[in-house]
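# Per-entry structural report
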Amino acid sequence: MLASNLDKKKYNNICLIDTNAKIGSKIKVSGGAKCNITNELVTSNNYLGDREFVGKILEKFSKKDLLAFLNRNGVIPKINPKIVKGTYFCNSSQDVIDMFTKLTTHVKKYLNTTVTDIDFDKHFKIKTDTKIIEAKKVVIASGGLSYPVLGASSIAFDTAKKFGHSIIKLEPALVGFTVQKEQFWFKNLSGISMPVFTFVDEKSFEGSLLFAHKGCSGPVILTTSLYWKKGKIAIDFLPKQKIETFFQGNKIISSALPLPKRFIQEFLLSVELEDKNVSKLTNEEKDKLKLLKYYEFPPAGNFGYTKAEVTKGGINTNEINHNNFESLKQKDLFFIGECLDITGELGGFNFQIAFSEGMICARGLNSI
C-alpha cells in the first residue's frame with residue numbers, strides 16, 4: 001500500500017521487512033483465500049475504538065476510493081452475500097498479493113527476516129535476526145497477536161511501549177466461543193450450521209452460526225465476539241419467525257420446527273423436554289421452547305489467538321496523528337494496521353481500514 005503512491009525515484013531507498021518467505025501471507029488465507037477486502041456499507045459504527053478517529057480515516061480514503069484503486073490495478077472485487085452480507089470478495093487472494101508484488105518492484109525486500117528490536121539515536125536502528133538496518137523513518141505494520149503460525153508477534157506493541165505509548169488491553173477477536181457445562185450440548189452438534197440472530201452489548205447481528213467441538217463459531221459468532229466482554233450473549237435460533245406460530249399445529253416438536261433434527265434433539269434434552277405433539281404442551285413446556293427465540297448464556301471464553309481473525313485493543317490512537325499515522329511520542333515513527341486500537345467487524349472492515357491507513361500514511365510520507 002505505501003509504495004504504490006510514492007515517487008519511485010525519490011523513494012528508491014525504501015525497504016520492506018517481513019518475517020515470512022513471501023509477502024502477504026495473511027492476505028493469502030483471508031476470506032477463504034478470496035480476500036474479503038471491503039464492505040458495501042462501511043461506517044465508523046462497524047469498528048471498536050475511537051469512532052471519531054475512524055471516521056476521519058474513512059473520510060480520507062473511503063470504500064469508493066479503495067475499489068477505484070483496486071480496479072486501476074486490475075483487481076475487481078464483487079459482493080458475495082452468500083458468504084457474509086455486503087462483503088466484497090476478490091476472485092482470489094493471490095490477485096491482491098500479485099498487485100502488491102508489481103507495485104513494490106522498486107522496494108528492497110528482506111524476507112524471512114524477523115525484527116527483534118528498534119532503537120533510536122539520531123536515526124532508527126532496526127535489529128533483526130540477521131542484521132541491523134538503519135533508517136530515517138520507520139512504518140510499523142506488523143499486525144497483532146492473532147495467527148502466530150503466520151509470524152504474528154508483539155513487536156509493534158513492544159516498540160510502541162518503548163517509545164512511550166500506552167496499549168489498550170489486547171484480546172483475541174473475531175473468534176469462536178468456548179462454552180460452560182450447561183451448553184456442552186453444543187459440542188454434540190459439531191459441523192452443523194444454521195442462520196441465527198445474536199444479541200450482545202445492546203447490538204444484534206444476523207448470520208450463520210457453526211457448532212464446533214469447542215463450542216460455537218461461524219461468521220455471526222465471530223462478529224459477536226468483538227463486542228463480548230464478560231457475561232451473557234443471546235441467540236435467536238428462529239430468526240424472522242414467531243414461535244407462537246408453531247404452537248397451533250399438532251405435529252411433534254421435531255417435525256413442527258424448521259430446524260435441523262439433530263439440533264432439536266439436543267436442545268430438547270438440554271431443557272428436559274420430551275419430543276411430543278405440540279398440542280399437548282403445557283404452558284411451562286411452551287416457555288421452554290420459547291428459549292429458541294432468546295437462548296441466553298455466558299460463554300466460558302474464546303478459542304484464543306491461534307483461531308482469532310484479529311487482535312482487539314492496541315496502541316492508543318490518542319497518541320497517533322490521524323493525518324499521517326506518525327507517533328505523537330516519537331518523530332518519524334509510524335504505526336498502521338491491526339496494531340492500533342481499531343478493530344472492525346467481520347466482513348471486509350479490517351482490510352478496508354488497513355488500506356485506508358496505509359494509503360493515508362503513504363501520502364503523508366510522499367509529501368515530506
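Here goes a summary of the coordinates provided.

Here is what the cut-offs are and how they apply
Residues numbered from 1 in each chain as written. Predicted model: local features only at pLDDT ≥ 70, side-chain atom pairs only at ≥ 80, totals over all residues. Heavy atoms only, no water. Buried < 20%, exposed > 50% of the residue type's maximum accessible area, 1.4 Å probe, protein only. Helix = DSSP H or I, 4+ residues; strand = E, 2+ residues; numbered from the N terminus. Pairing = 2+ DSSP bridges. Core = buried A, V, L, I, M, F, W, Y, C linked by side-chain atoms within 4.5 Å. Contact = heavy atoms within 4.5 Å. Axes fitted to C-alpha atoms, helices over the stretch in contact; angles between N-to-C directions. Phe/Tyr/Trp six-rings, centres within 6.5 Å; stacked < 30°, edge-to-face > 60°. Salt bridge = Lys/Arg side-chain N within 4 Å of Asp/Glu carboxyl O.

### Re the pairing of strand β16 (residues 233-236)
What you see with β16 is no split at all: Ile233 and Ile235 on one side and Ala234 and Asp236 on the other are buried throughout. Bridge count between strand β13 (residues 193-200) and β16: three bridges; the pairing is antiparallel. Bridge pairing in β16 places phenylalanine 197 opposite aspartate 236.

### What about the nonpolar core?
One recurring pattern in soluble globular proteins: nonpolar side chains tend to sit buried together. Membership of the largest hydrophobic core comes to 53 residues, with the highest contact counts inside it found for Ile37, Val96, Met99, Phe325, Phe335 and Phe355. With eight residues, helix α10 (residues 349-366) is the largest single contributor of residues to this core. With residues near it in sequence (within four places) discarded, isoleucine 37 still touches Leu66, Leu70, Pro77, Tyr88, Cys90, Val96, Gly348, Phe351, Gln352 and Phe355.

### Here we look at the sheet that holds strand β12 (residues 177-178)
Spatial strand order, β17-β16-β13-β14-β15-β12-β18: seven strands in an open sheet with antiparallel pairing. Whereas interior strands pair on both sides, the edge strands pair on one side only; in this sheet they are β17 (295-297) and β18 (301-302). Of the strand pairs in this sheet, strand β14 (residues 203-212) and strand β15 (residues 215-217) are connected by three bridges, and their pairing is antiparallel. Bridging from a neighbouring strand, phenylalanine 211 pairs with cysteine 216 of β15. Strands in contact with helix α6 (residues 219-227) are β12, β13, β14, β15 and β16; relative to β14, the strand with the most contacts, it is inclined by about 125 degrees.

### Concerning the packing of aromatic side chains
Here the structure, examined in full by the defined rule, presents 21 aromatic pairs. Aromatic side chains phenylalanine 53 and phenylalanine 325 sit 6.1 Å apart centroid to centroid with 80 degrees between the ring planes, which places their arrangement in the edge-to-face category. Of this pair, phenylalanine 53 sits in helix α2 (residues 51-60) while phenylalanine 325 is found in the loop between β19 (310-315) and β20 (333-335), placing the two residues 272 residues apart along the sequence. Phenylalanine 53 gets classed as buried once you look at its relative accessible area, which sits at 7%. Between tryptophan 185 and phenylalanine 267 the ring centres are 6.0 Å apart and the planes differ by 65 degrees, which places this aromatic pair in the edge-to-face class. Of this pair, tryptophan 185 sits in the loop between β12 and β13 while phenylalanine 267 sits in helix α8 (residues 261-270); the two residues are 82 residues apart in sequence, bridging distant segments of the chain.

### Quick word on helix α5 (residues 155-162)
For α5, the complete set of buried residues consists of Ile155, Ala156, Phe157, Thr159 and Ala160. Buried-residue contacts for α5 involve β7 (115-121), β10 (138-140), β11 (167-173), β19 and β20. Remark: glycine 164 follows α5 within two positions and exhibits a positive phi of approximately 95 degrees.

### Comments concerning the pattern of salt bridges
Throughout the structure, instances matching the rule amount to 11 salt bridges. Two residues, lysine 137 and aspartate 332, come together in a salt bridge whose shortest N-O distance is 2.8 Å. With a gap of 195 residues between them, lysine 137 in the loop between β9 (132-135) and β10 and aspartate 332 in the loop between β19 and β20 connect regions that are remote in the sequence. Relative accessible area serves as the criterion here: at 34%, lysine 137 is assigned to the partly exposed category. The salt bridge partner of lysine 293 is aspartate 236, with a shortest N-O separation of 2.9 Å. Of this pair, lysine 293 sits in the loop between α9 (283-289) and β17 while aspartate 236 sits in strand β16, placing them 57 residues apart in sequence. Residue aspartate 236 is classed as buried on the basis of its relative accessible area of 4%. Through salt bridges with shared partners, one network takes in Asp117, Asp119, Lys127 and Lys162.

### Structural notes on the sheet that holds strand β8 (residues 123-128)
If you walk across this open sheet you meet the three strands as β7-β8-β9, and the pairing is antiparallel. Edge positions in the open sheet fall to β7 and β9, since each of these has one partner strand only. Taking each pair of neighbouring strands and ignoring which way they run, the sheet shows an average axis angle of 20 degrees.

### Remarks on the side chain of lysine 276
Mapping lysine 276 onto the fold places it in the loop between α8 and α9. Owing to a relative accessible area of 18%, lysine 276 belongs among the buried residues under this scheme. Apart from the residues lying within four places of it in its own chain, the contact partners of lysine 276 are Lys251, Ile252, Ile253, Leu281 and Glu285.

Nothing here speaks to function; it is all geometry.
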